[in-house]
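# Remarks on the overall topology
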Amino acid sequence: MSSFPYKLHQLLSDIQDCEELSSIISWLPTENGFRLHKPNSFEEILLTKYFPRQTKLKSFKRQVQYY
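Below is a short write-up of the structure.

Definitions and limits used
Residues numbered from 1 in each chain as written. Predicted model: local features only at pLDDT ≥ 70, side-chain atom pairs only at ≥ 80, totals over all residues. Heavy atoms only, no water. Core = buried A, V, L, I, M, F, W, Y, C linked by side-chain atoms within 4.5 Å. Buried < 20%, exposed > 50% of the residue type's maximum accessible area, 1.4 Å probe, protein only. Helix = DSSP H or I, 4+ residues; strand = E, 2+ residues; numbered from the N terminus. Contact = heavy atoms within 4.5 Å. Phe/Tyr/Trp six-rings, centres within 6.5 Å; stacked < 30°, edge-to-face > 60°.

### Regarding the nonpolar core
By size, the foremost hydrophobic cluster in this structure holds 15 residues, and its most contacted members are Leu11, Phe42, Leu46, Phe51 and Phe60. Take this core: its biggest share by element is 5 residues, from helix H1 (residues 4-15). Contacts of leucine 11, omitting those with residues within four sequence positions, involve Ile25, Phe42, Leu46, Tyr50 and Phe51.

### Structural notes on the packing of aromatic side chains
Applying the stated criterion across every chain, the model contains 7 aromatic pairs. Relative to phenylalanine 60, the ring of phenylalanine 51 lies with its centre 5.5 Å away and its plane at 55°, an arrangement referred to as tilted. Comparing phenylalanine 51 with phenylalanine 60 shows no difference in burial state: the two are buried. By the ring-pair criterion, three or more aromatic residues cluster together here, those being Phe4, Phe34, Phe42, Phe51, Phe60, Tyr66 and Tyr67.

### Quick notes on the environment of leucine 47
Counting through the fold element by element, leucine 47 comes out in helix H3 (residues 39-50). Under the relative-accessibility criterion, leucine 47 is labelled buried at 0%. Distance from leucine 47 to leucine 8, taken between C-alpha atoms, is 9.9 Å for residues 39 residues apart in sequence. Leaving out residues up to four positions away in the same chain, leucine 47 has contacts with Phe42, Pro52, Gln54, Thr55, Lys56, Leu57 and Phe60.

Fair warning: the whole summary comes from geometry, so function is off the table for now.
Below is the structure:
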């Protein structure tokens, strides 16, 4: 499955165990949302890995708002 929500959940699940990546994006304490701590690092490192067709943070945010 390659839908946006699935990829986003996979990203958030993968970073839970990696302290370096969880400093970029992480679940909120209540686990009903997430927070983007370092937008530039997210765009450079994680956006291209998990969402290769999206290159801009603005596009990612638009997708999040859509879902």
